[in-house]
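Coordinates in review
Residue strings, one per chain:
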Amino acid sequence: MLKRFSNFLVLFSFFLNSVFGPNVAWAQSAGLFLPEPGAMLAQSPAYMPVMLTGMTVHADNPLLFDLIVDTGDTGLKPGTVDDTAIKTESEKISKYFLASLALPEKDQWVNLSPYEHDRILPEELGKTLLGRDLLAQDYVLKQMTSSLMYPEKELGAAFWKRVYERAAKEYGAAGVDIPTDTFNKVWI
């Protein structure tokens with residue numbers, strides 16, 4: 001009787017998931033705190049995050065290694081109450097490093113192009129923390145780029161003026177009529 005009930009429960013769960021599908025997931029719910037779509041982003045000061053700077057491989061066991069990290073501009077100090085934060089960041093970059101070793105180089109890219117919905121990231125990269133965070137960075141990169149190129153701001157106006165001057169120089173009058181999305185594709 002218990003086996004029959006278990007089989008029914010599994011079958012019922014499968015049916016519900018098939019009919020209603022998975023819930024929609026948002027990057028903000030993953031703790032990434034990404035800017036809202038369309039928000040203008042300002043440049044921030046240069047910042048060096050926690051970074052993997054080296055590795056010690058043990059000669060007696062080549063599968064055992066220690067990663068050496070630099071705390072960058074985080075202000076975190078080893079040997080203090082910051083040890084938990086350093087450990088958390090170190091584990092994250094260790095996962096990035098191991099994922100980059102495990103995946104072929106040709107599969108280490110992300111692409112949030114509105115023209116290529118079927119080509120966002122390779123399936124195996126999508127299963128990793130590296131894939132999730134590269135997508136988040138690509139999102140921020142595109143939002144920052146569009147903020148800097150916004151034609152109604154001083155920097156954006158100067159950029160588009162130079163683009164159209166160059167297009168007119170290269171292609172004559174036809175260069176002035178080229179759609180603006182022809183000139184840019186920013187991706188990781």
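The notes below deal with the structure included here. (Residues numbered from 1 in each chain as written. Predicted model: local features only at pLDDT ≥ 70, side-chain atom pairs only at ≥ 80, totals over all residues. Heavy atoms only, no water.)

Section: the pairing of strand S1 (residues 51–58)
Here is the rule: Two strands make a pair as long as DSSP finds a minimum of two bridges between them. Comment: elements are numbered from the N terminus, with helices defined as DSSP H or I runs of at least four residues and strands as E runs of at least two.
Across seven bridges, S1 lies against strand S2 (residues 61–70) in antiparallel orientation. When the sheet's bridge partners are listed, His 58 is paired in S2 with Asn 61. In sequence, S1 turns back onto S2 through a hairpin of two residues.

What about helix H3 (residues 129–148)?
Rule in force here: To estimate the expected span of a helix, subtract one from its residue number and multiply by 1.5 Å. For each residue, the accessible area found with a 1.4 Å probe, counting protein chains only, is set against the maximum for its type, and the residue is called buried under 20%, exposed over 50%, and partly exposed in between. Note on definitions: a residue-residue contact is assigned when non-hydrogen atoms from the two residues lie within 4.5 Å.
In this model, H3 (20 residues) spans 28 Å end to end at C-alpha, consistent with the 28 Å of a helix rising 1.5 Å per residue. Looking at H3, one finds that the buried residues are Leu 130, Gly 131, Asp 133, Leu 134, Ala 136, Asp 138, Gln 143, Thr 145 and Ser 147. For H3, the secondary structure elements touched by its buried residues are helix H2 (83–102).

Observations concerning the pattern of salt bridges
In plain terms, the rule: Salt bridges are defined as contacts in which a side-chain nitrogen from Lys or Arg sits within 4 Å of a carboxyl oxygen from Asp or Glu.
Under the definition given, this model contains nine salt bridges. The partner of Lys 106 in a salt bridge is Asp 107, and the shortest N-O contact between them spans 3.4 Å. Overall, Lys 106 belongs to the exposed group, its relative accessible area being 63%. By relative accessible area, which is 22% here, Asp 107 ends up partly exposed. In this structure, Arg 119 engages Glu 116 in a salt bridge whose closest nitrogen and oxygen atoms are separated by 3.6 Å.

Thoughts on the packing of aromatic side chains
We apply this condition: The criterion for an aromatic pair is that two Phe, Tyr or Trp rings (for Trp, the six-membered ring) have centres within 6.5 Å, with stacked assigned to planes under 30 degrees apart, edge-to-face to planes over 60 apart and tilted to the rest. Whether a charge lies above a ring is judged from NZ of Lys or CZ of Arg, which has to be within 6 Å of the ring centre and within 35 degrees of the ring normal.
Using the criterion set out here, one finds two aromatic pairs in the structure. Measuring from ring centre to ring centre gives 4.9 Å for Phe 159 and Trp 160, while their planes differ by 75 degrees; the resulting arrangement is edge-to-face. Taken together, a centroid distance of 6.2 Å and an interplanar angle of 40 degrees make the contact between Trp 160 and Tyr 164 tilted. Taken together, the positions of Trp 160 and Tyr 164, both in helix H4 (residues 154–171) and four residues apart, correspond to about one turn of that helix. On the accessibility criterion, Tyr 164 (25% relative accessible area) is partly exposed. Members of the aromatic cluster, joined through ring pairs, are Phe 159, Trp 160 and Tyr 164. Over the ring of Trp 109 we find Arg 119, and its NZ or CZ is 4.6 Å from the ring centre.

Looking at the side chain of Gln 143
Just so we agree on the cut-off: N or O atoms within 3.5 Å of each other form a polar contact, as long as, within protein, one can give a hydrogen and the other can take it, and as long as residues adjacent in sequence are counted only when both atoms are side-chain atoms.
Position of Gln 143 relative to the elements: it lies in helix H3. For Gln 143, a relative accessible area of 6% puts it in the buried group. At 3.1 Å, the side chain of Gln 143 and the backbone oxygen of Ala 39 are in polar contact. Excluding its chain neighbours within four sequence positions, the residues that come into contact with Gln 143 are Pro 35, Glu 36, Pro 37, Gly 38, Ala 39 and Leu 41.

Concerning H2
Between its first and last C-alpha, H2 extends 28 Å over 20 residues, near the 28 Å set by a 1.5 Å rise per residue. Buried within H2 are the following residues: Ile 86, Ser 90, Ile 93, Ser 94, Phe 97 and Ala 99.

Notes on the packing of H2 against H3
Going by this rule: To define axes, lines are fitted to C-alpha atoms, for helices over the stretch in contact only, and angles between the resulting N-to-C directions are given on a 0 to 180 degree scale. An angle counts as roughly parallel when it lies under 35 degrees, as roughly antiparallel when it exceeds 145, as roughly perpendicular when it falls between 65 and 115, and as oblique in every other case. Each residue is assigned to one class: nonpolar for Ala, Val, Leu, Ile, Met, Phe, Trp, Tyr, Cys and Pro, charged for Asp, Glu, Lys and Arg, and polar for all the others, Gly among them.
One way to put it is that H2 packs onto H3 with a least axis distance of 8 Å and a crossing angle of 105 degrees. The angle between the axes of H2 and H3 places the two elements in the roughly perpendicular class. Of H3, the residues touching H2 (which contributes Lys 92, Lys 95, Tyr 96, Ala 99 and Ser 100) are Leu 129, Leu 130 and Asp 133. In terms of residue class, the contact of H2 with H3 is made up of four nonpolar, one polar and three charged.

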